[in-house]
Amino acid sequence: MARNPFRSEAEAYRFLLLTIGYFALIVAASTINTWLGLAVFVVLTAVVIWRWLGSRSNEPIEPTSVAHRGDEDERRILVVANETVGGAELLEVLRQRSEGVREQVLVVCPALNTPLRHWASDEDGARAAAQQRLDSSLAQLARSGVVARGEVGDGDPLQAIGDALRTFGADEIVISTHPYGRSHWLERNVVGQARERFDVPITHVVVDLEAPAP
Amino acid sequence: MSAHADLVVHDSSHHHGPPIANKSSRIDATVLGMLLFIASEAMLFGAFFTAYFFVRVVNPEAPEWPLEPFHLPVFVAGVNTAILVTSSFTMHWALQSIKRGNRAGLQAGLVLTFFMGLAFLLTQILEYARIGFNPGDGSFGTIFFGLTGLHGAHVFIGLTLLAMATVRAFRGHFTPEHHHGVELPGIYWHFVDVMWIVVYATIYLI
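The rules behind the values
Counting of residues starts from 1 at the beginning of each chain's written sequence and follows it residue by residue. By the order in which they are written, chains take letters starting at A while ligands take numbers starting at 1. In keeping with the model being predicted, local features are shown solely for residues with a pLDDT of at least 70 and side-chain atom pairs are shown and tallied solely at 80 or more, while totals for entire chains, interfaces and linings include all residues. Runs of E in the DSSP output that reach at least two residues are strands. Runs of H or I that reach at least four are helices, and both are numbered from the N terminus. Here a residue counts as buried when 20 or more other C-beta atoms fall within 10 Å of its C-beta, as exposed when 12 or fewer do, and as partly exposed in between; the C-beta atoms come from the backbone. Distance between backbone-placed C-beta atoms decides contact: two residues are in contact if it is within 7 Å. When DSSP finds two or more bridges between two strands, those strands count as paired. In the scheme used here, Gly and all other residues not listed as nonpolar or charged are polar, with Ala, Val, Leu, Ile, Met, Phe, Trp, Tyr, Cys and Pro taken as nonpolar and Asp, Glu, Lys and Arg as charged. In this analysis an axis means a line fitted to C-alpha atoms, helices contributing only their contacting stretch, and an angle means the value between N-to-C directions, from 0 to 180 degrees.

A. Main features of the overall build of chain B. Scanning chain B from terminus to terminus reveals five helices and zero strands. The order of helices and strands in chain B, counted from the N terminus, is α-α-α-α-α. Counting over 206 residues, chain B shows a buried share of 27%. Considering only contacts within chain B whose residues lie at least 6 apart along the sequence, 75% involve residues at least 24 apart.

Here is the structure:
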C-alpha cells in the first residue's frame, strides 16, 4: 500500500531507508559500469512507479452505509445535478418516489471548477456560478410542485454526495446527467463509482435538455 | 407537494467577526501548504541538478569526473554522510522513545541528533575551506557550492528546529499522546537527510 512519507515521522524514516537502498544499488552498479548503473536506475525507478501505481489502484473501497434519518414515513432523496434539475425526466422520477410518503428533497449542485483553480483554492467563481444554477433549478422544481432545498457542493460530485450524506442522510440518491456523449460525469463513470462507494439505492436519470419538447 | 422551494438561508445577524472561511472539503489547507512547499523545494534543487547534469553532459569526453583541477573529498564526505544518516536513526529513536513514555530516551535522542547535525555542518564548512576551489572557479565550482550550500542551509534550519524541540524536551514538554513538536522537525530532518543522499550520490559518487 502506498504510504505518504509526509504523514508521520515513521513514514519519513521509512522513506529515508528506501532512498538509501535505492541509491546504494545505483552507485554500486555504476561503479562496475556506467551503463549498468543507468540500467539499474531505470529498472528501480520503473519498479517504484509500478508499485506505487499498483498500490493506488488496489486500494479497497469501503462502501459507506447510510442510516435512515427522520420519521418512519419520511423519505429523503438526494438529487445531484449540475444543470439538469429542471428536466421532465427528473421531475417524473421525483414524483414517483414521493407517492404515499412524506418526501424531503435536497438538491446538491457541485461547484465545478478547473483543476488549477481547485488546487489553488480559488473557487469563489465556481461556487457563485453553482449557486446561480441551483437557484434556477430550485425555482423550476418549485414551479413543478416539488418541495426542495439546495446546497452548493464540492466540485467532485462523489465528494459532494459524501458530504451531503453526512449531514442530510438519504434513502435514495438520484444522479441526473446529460445523455451519453455530452456528459463528463458519465465519461468519468461517476454513477458507477457512486454505486460502489455508497450503500444507498442510486437512480440515474438522463435528461436531454436539447431534445424537442413532446 | 407544495409549490415553493425551501432554500437554505444563512442567518448572519447573530454572527460577529469575519465570515467563516469557505474551505474545500477535498484538500486540507495544511496538506496543500506542504505539497506547495515540497514542490518549491523540488524545483529549487531540480534547477541546480539540471545545471549540474548539463555541465556533465557537455563534457562527455572527460576521462575523470570532476574535470581537472577539481578534486572532491569523497572519503570525508562519506564519513559526513554516515554521521547524517546516523542522526536520522537517533531522531527516529527519540520519537519512538516519547511514544513509549521514555523521556530520557527522547532527550538523549534529540541531543545526539542535534550534535551530529552540527558536526555535519561544521565538517562541511571546514571542507569548504580546504577544498581548493571556490564558487567563482567555473561552472562546476558554482554548482558544487550552490548545491551543497543550499543543502547546508536546510541543515541549518533543521538544527534550529531541533534546538527548539530539544529545549522543550528538557522543559518537560511532550507526552506519548502529544509530541507534534518533535514529529514535524523529525519529518523535516529525514527529508534533509534524503536530499543529502541524493546530493552525495550524484555529486561525489556517480
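B. Representation of the overall build of chain A. Across its full length, chain A holds eight helices and seven strands. Sorting the 214 residues of chain A into buried and exposed places 32% on the buried side. Of the contacts formed within chain A by residues at least 6 apart in sequence, a portion of 71% connects residues at least 24 apart.

C. Region of interest: the pairing of strand 5 (residues 172-177) of chain A. Residue and element names in this part refer to chain A. Across the six residues of strand 5, five count as buried, placing the element largely inside the fold. Sheet topology note: the strand 2 (residues 74-81)/strand 5 ladder contains five bridges and is parallel. Looking at the pairing, Val 80 lines up with Ile 175 of strand 5. One ladder, built from five bridges, connects strand 5 with strand 7 (residues 202-206); its direction is parallel. Among the inter-strand pairings, Thr 177 is bridged to a residue of strand 7, identified as Val 206.

D. Broad picture of the pairing of strand 4 (residues 148-153) of chain A. Residues and elements named next belong to chain A. When you tally the buried positions in strand 4, you get five out of six residues, the bulk of the element. Of the strand pairs in this sheet, strand 3 (residues 102-110) and strand 4 are connected by six bridges, and their pairing is parallel. For Val 105, the partnering residue across the bridge sits in strand 4 and is Ala 148.

E. Here's a closer look at the interface of chain B and chain A. Across the contact, 28 residues belong to chain B and 33 residues belong to chain A. Sorting the residues of the side of chain B that touches chain A by element identifies helix 1 (29-57), helix 2 (74-99) and helix 5 (180-205) of chain B as the ones contributing at least two each. The greatest single-element share of the side of chain B that touches chain A, amounting to 10 residues, is contributed by helix 5 of chain B. Looking at the side of chain B that touches chain A, its residues break down into 16 nonpolar, eight polar and four charged.

F. Seen up close, unusual backbone geometry. In the Ramachandran plot, Asn189(A) falls in the positive-phi region, its phi being about 55° despite a non-glycine side chain. Mapped onto the secondary structure, Asn189(A) falls in the loop between helix 7 (184-187) and helix 8 (190-197). Positive phi is not limited to glycine here, since Phe174(B) has a value of about 75°. Its location among the elements puts Phe174(B) in the loop between helix 4 (138-170) and helix 5.

G. Summary view of the sheet that holds strand 3 of chain A. Residue and element names in this part refer to chain A. As summarised here, the arrangement of the five strands in space is 4-3-2-5-7, forming an open sheet in which the pairing is parallel. Whereas interior strands pair on both sides, the edge strands pair on one side only; in this sheet they are strand 4 and strand 7. Strand-to-strand twist across the sheet, computed as the mean angle between neighbouring axes with direction ignored, equals 25°. Taken strand by strand, helix 3 (residues 88-97) contacts strand 2, strand 3, strand 5 and strand 7, and its axis lies near 150° from that of strand 7.

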